[in-house]
Structures are given as C-alpha cells and as structure tokens.
Amino acid sequence: MYATRAKVLLFRLATFVLVSVVRGQEEVTEHKYNIVFSRDPVPSGLSEEQYYPMRLSNGSAYLCVLPDITVEEKKTLQAEDSELDVPLSLEHVAVVNRALKNMCYTMEESWWTYRLCWGSGVEQFHRSAVAGDSKSNAPKQMKEDPHFVLGVAPPADVLDLRYGVNTKGLRYIYTIYSDGLTCDLTQLPRTTEVQLYCAREGEGNSPTMRVREAEVCRYIVSLTAKEVCLLGLKEIQQRYGVITCHETKPTNTVDWNNKQQG
C-alpha cells in the first residue's frame, strides 16, 4: 500500500516546476516527498519494490528509489490517512458553519464571474450593465445573464464535511454541492466539490478562489481564506523522506521498458 501511494505521488510531483539547484542536484521542494534528480549511480541491494522507473516529458529516463520509512513513520502515515475522507463530527461541522455563516466569495475569470455562498450554492454568470438613461446619475443596475447554478448546498443538518490532502501536503475540508442546473452534454445536474483551505502566512488577508471543470459539468471550487484556519488546517502533512531519481544511460532504455511492463 505504501509503495503504491508513493508511486502515485511520484508521477504527480515530478511534473512540478518548483525546482532549485542543491549541491549540483535538482530538488523539488514543498511537497510530501522531496524528489531529487541525481546523476549518481543507482544504489544496489535494495528491495525490488523500492525501485521505480520514470520518464519525464522531455524524454529523460530515470530509475527512482523510494524511501524506506521507519515503523514509527508508517504508523504516523496510517494515522493521518485514517482521517482522510472520513466525515467530520457534528461538533466540527458546526464549527465550520459558524465560521462561514452568511459568507459569499466571488471570482472573475475573463467573461465569467463565479460566486460561492456558503450554505447556499455555487453560481456561474456573466455580469453586465442594464441599459438605461445615460443622463441619469443613478448607479447603473447590473444583470446576471446567462446564469448557471453549479451546485446547491445541502441542508445544514445533513452537511457532510470531510478531510482531504493535496499533492503539496496541504490539508483541506471538502463537501459536495449537487443538484445544479441540468447539463446539456450529460443530461445530469451539475455538481461542485467545494474545498476549503487555510490561508497561510504570506498569502495575504484577502480570500482567493479558484474554479476548474474537472469533468464535463463537474467542478472543483478551491477557497483559501483566513476564516477557514480551523480544525488543524494550518498544519502541513508530514513529509516522509526523499525520492531519489537516478538518470539512466541510453543503454538502459530496454531495461527501463521491461521494468515498466513488469
């Protein structure tokens, strides 16, 4: 289980661009694992499960060595994993609801505006001024058209909140807003996963929101805000060592492919 988890993280983290040069090696930082790309020979004598081949988008081939963590580290990893995707207690749900009560957040992206109102729903719309008397000094009225509901918040008494952790080791709380406007392509209601992140030091005091369409008419809204800094969300999941990826020579290409197929 540990080896499988590390392999998944390896492919995710190897594509990140936060690279710094450390003593002649390239090291990716700020993640659950550090990945170090090395030209040193591949160490021998380790168990087969600790070796894993990888090829970058530029064609470079590497044989990566997964870290051999201690028994205590494995226990810590299992304890942290046991919290993931498990419903929060009613007490903790109430804490989140109190912190975000009546809060709305908006994000403008090109032609569209997105709005998340906690306990209400997620909307996508185009905002424009209503035509009126050009001589009038009255504030211009705005209309929201077209307008799409991307998901509706569940009632407070059945709100399901759970912990997640992203590839950077950042913990978040998430829930699903479902029953949005029917999607023309799938003929199913739009749904949105709402992820709550604690705004960390240096990220400013203003909330930030990101929206992406993970699948057709299935969205992910990530909200980072100071008011979400509760229930341990300030903590970064512990990292468990270094994954060292050793560059392989062209003569090792066949071995790499055989390993990949195996």
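All of these numbers come straight from a predicted model, not from anything done at the bench.

How each quantity is defined
- Residues numbered from 1 in each chain as written.
- Predicted model: local features only at pLDDT ≥ 70, side-chain atom pairs only at ≥ 80, totals over all residues.
- Heavy atoms only, no water.
- Pairing = 2+ DSSP bridges.
- Helix = DSSP H or I, 4+ residues; strand = E, 2+ residues; numbered from the N terminus.
- Axes fitted to C-alpha atoms, helices over the stretch in contact; angles between N-to-C directions.
- Polar contact = N/O pair within 3.5 Å; in protein donor to acceptor, adjacent residues only side chain to side chain.
- Buried < 20%, exposed > 50% of the residue type's maximum accessible area, 1.4 Å probe, protein only.
- Disulfide = S-S within 2.5 Å.

Chemist: Outline the sheet that holds strand S10 (residues 162–165), supporting the account with residue identities and numerical values.
Modeler: Here five strands make up an open sheet; going across it, the order is S10-S11-S12-S14-S13 and the pairing mixed. The sheet is open, and its two borders are formed by S10 and strand S13 (208–215), each paired with just one other strand. Neighbour-to-neighbour, the strand axes of the sheet open up by a mean angle of 30°, direction not taken into account. Relative to strand S11 (residues 171–177), S10 runs antiparallel, the two being bridged by four bridges. In the sheet register, Val165 faces S11, and the bridge partner there is Arg171.

Chemist: How would you explain the side chain of Ser38 if you had to name every residue and give the values?
Modeler: Considering the arrangement of structural elements, one finds Ser38 in strand S3 (residues 34–38). Of the polar contacts made by the side chain of Ser38, one reaches the backbone nitrogen of Asp40; its length is 3.0 Å.

Chemist: Lay out the pairing of S13 in plain terms, naming residues and giving numbers.
Modeler: As defined by bridge partners, S13 adjoins strand S14 (residues 218–225) across seven bridges and the pair is classed as antiparallel. Pairing of Val211 across the sheet is with Val221, part of S14.

Chemist: Which residues make up the pairing of S11, and what values go with them?
Modeler: Buried residues dominate S11, accounting for six of its seven residues. Where S11 lies against strand S12 (residues 191–198), five bridges are found, and the strand directions are antiparallel. The residue bridging Thr175 from the neighbouring strand is Val194, located in S12.

Chemist: So what's going on with the state of the cysteines? Residues and values would help.
Modeler: Applying the stated criterion to the full structure yields four disulfides. The partner cysteine of Cys104 in its disulfide is Cys117, sulfur to sulfur 2.0 Å. Around the S-S axis, the bridge from Cys104 to Cys117 shows a dihedral of about 115° and counts as right-handed. Of this pair, Cys104 sits in strand S6 (residues 104–109) while Cys117 sits in strand S7 (residues 112–117), and the two are 13 residues apart along the sequence. Owing to a relative accessible area of 45%, Cys104 belongs among the partly exposed residues under this scheme. Take Cys117: its relative accessible area is 12%, and that puts it in the buried class. Covalent S-S linkage joins Cys183 and Cys217, the inter-sulfur distance amounting to 2.1 Å. Residues Cys183 and Cys217 are joined through a disulfide that is right-handed, its torsion about the S-S bond being 60°. In this pair, Cys183 is assigned in the loop between S11 and S12 and Cys217 in the loop between S13 and S14, connecting sequence segments 34 residues apart. Here Cys183 falls in the buried class, since its relative accessible area comes to 1%. Judged by its relative accessible area of 6%, Cys217 is buried. Here the cysteine-cysteine linkages of the chain are recorded as 1-8, 2-3, 4-6, 5-7, numbering only bonded cysteines and doing so in sequence order.

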